[in-house]
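Coordinate analysis (summary)
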Amino acid sequence: MSVDPVAAVRTVLLDDTAVAALVSTRIYGGEIPASVSPMMPRACVVLKPAGGGLIGQAYQEYGDTRIDTFCYGATLNEAWAVYLAVYGVLKQLQGEVSEGVLLHWAKASSRG
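Everything numeric here is computed off the predicted structure, so don't read it as measured data. (Residues numbered from 1 in each chain as written. Predicted model: local features only at pLDDT ≥ 70, side-chain atom pairs only at ≥ 80, totals over all residues. Heavy atoms only, no water.)

Quick notes on the overall build of the chain
As a reminder of what qualifies: The secondary structure listing takes helices from DSSP runs of H or I that are at least 4 residues long and strands from runs of E that are at least 2 residues long, numbered from the N terminus. The buried label goes to any residue with under 20% of its type's maximum accessible area, the exposed label to any with over 50%, and the partly exposed label to all in between, with areas taken from a 1.4 Å probe on protein chains only. The Shrake-Rupley method, run with a 1.4 Å probe sphere, supplies the accessible areas, and residue values consider only the shown protein chains as cover.
The secondary structure content of the chain amounts to three helices and five strands. Buried residues in the chain amount to 27% of all 112 residues. Looking at the chain as shown, the accessible area adds up to about 7,300 Å², and 54% of this sits on carbon and sulfur atoms.

Some thoughts on the environment of Lys107
Inspection of the secondary structure puts Lys107 in the segment after β5 (101-103). According to the relative accessible area criterion, Lys107 is exposed, its value standing at 66%. Placed 15 residues apart in sequence, Lys107 and Gln92 show a C-alpha to C-alpha distance of 9.8 Å.

Notes on helix α3 (residues 76-92)
This is how it is decided: One less than the number of residues in a helix, times 1.5 Å, gives the span that helix is expected to have.
Taking 1.5 Å per residue, 17 residues should reach 24 Å; α3 reaches 24 Å between its end C-alpha atoms and fits that length. Taken together, the buried positions of α3 are Ala79, Val82, Tyr83, Ala85, Val86, Tyr87, Val89 and Leu90.

Section: a negative patch on the surface
Basically, it comes down to this: Residues forming no salt bridge and having over 30% relative accessible area are the ones grouped into patches, like charges within 9 Å of each other and nonpolar side chains (Val, Leu, Ile, Met, Phe, Trp, Tyr) within 5 Å. When a carboxyl oxygen of Asp or Glu is within 4 Å of a side-chain nitrogen of Lys or Arg, the pair counts as a salt bridge. Positive charge is attributed to Lys and Arg, negative charge to Asp and Glu, and no charge count is given to His or to the chain ends. By convention, the charge on Lys lies at NZ, on Arg at CZ, on Asp at CG and on Glu at CD.
Together, Asp4, Asp15, Glu96 and Glu99 make up a negatively charged patch on the protein surface. Position of Asp4 among the secondary structure elements: in the segment before α1 (5-14). On the basis of relative accessible area, Asp4 is assigned to the partly exposed category, the value being 42%.

As for the packing of aromatic side chains
This is how it is decided: Planes of paired rings set the category: under 30 degrees apart is stacked, over 60 is edge-to-face and the rest tilted, where pairs are Phe, Tyr or Trp rings (Trp by its six-membered ring) whose centres lie within 6.5 Å. Lysine and arginine charges are scored as sitting over a ring when NZ or CZ, respectively, is within 6 Å of the ring centre and within 35 degrees of the ring normal.
Evaluated as defined, the whole model comprises two aromatic pairs. When the centroid spacing of 4.9 Å and the interplanar angle of 25° are considered together, the rings of Trp80 and Tyr83 count as stacked. In this pair, Trp80 and Tyr83 are both assigned in helix α3, three residues apart and thus about one turn of the helix distant. Each member of the aromatic cluster is reached from another via a ring pair, and the members are Trp80, Tyr83 and Tyr87. The ring of Trp105 is capped by Lys107, whose NZ or CZ atom sits 4.7 Å from the centre of that ring.

Some points on the pattern of salt bridges
By the definition in use, this model includes one salt bridge. Close ionic contact of Arg66 with Asp68 constitutes a salt bridge, the shortest N to O distance being 3.1 Å. On the basis of relative accessible area, Asp68 is assigned to the partly exposed category, the value being 24%.

With respect to the nonpolar core
Soluble globular proteins tend to bury their nonpolar side chains together. Let me state the cut-off plainly: To define a nonpolar core, start from buried Ala, Val, Leu, Ile, Met, Phe, Trp, Tyr and Cys residues and group those joined through side-chain atoms within 4.5 Å. Any pair of residues with heavy atoms lying within 4.5 Å of one another is described as a contacting pair.
Counting residues in hydrophobic clusters, the biggest one holds 19 residues, and the most contacted among them are Leu13, Val19 and Val45. Look past the residues within four positions of Leu13 in its chain and what remains in contact with it is Val19, Ile27, Val45, Leu47, Val86, Val89 and Leu90.

Structural notes on α1
What counts here: Note: the arc covers the axis-to-C-beta directions of the helix. Pairs of N or O atoms within 3.5 Å make up the polar contacts considered here, provided that, within protein, one atom can donate a hydrogen while the other can accept it, and that residues adjacent in sequence are counted only when both atoms are side-chain atoms.
Within the span of α1, buried status applies to Val6, Ala8, Val9, Val12 and Leu13. Take α1 and look down its axis: the buried residues cluster within an arc of 160°, on one side only. Its side-chain oxygen placed 3.1 Å from the backbone nitrogen of Val6, Asp4 serves as the N-cap of α1.

Side note on the side chain of Ser98
If you trace the backbone, Ser98 turns up in strand β4 (residues 96-98). Among the polar contacts made by the side chain of Ser98, one reaches the main-chain carbonyl oxygen of Ala8 at a distance of 2.8 Å. If sequence neighbours within four positions are ignored, Ser98 has contacts with Ala8, Thr11, Val12 and Leu103.

Laid out in structure tokens, this is it:
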């Protein structure tokens, strides 16, 4: 069975009212779609797979996955508001199943 951690995190963020109020449904996996690029800059989030961690590097069917999160806005202040909302949701994440993926935690490796 294949799982998609990016889709799982996207669903968690879409379910949050503060994030949704800022970006609506504009949370993308991988990159900003070509159809959206002409409308930039605007509030949105891009979740991009960034490799794995230390867990599950052998034969296990589980592991930790790193996801880079990019927050955009029409202004620097709007981008910062999106970042703060996303950071708040991910900081509180613990033991949640989303899209068939068990998300144990989200750990920030940098801020801002």
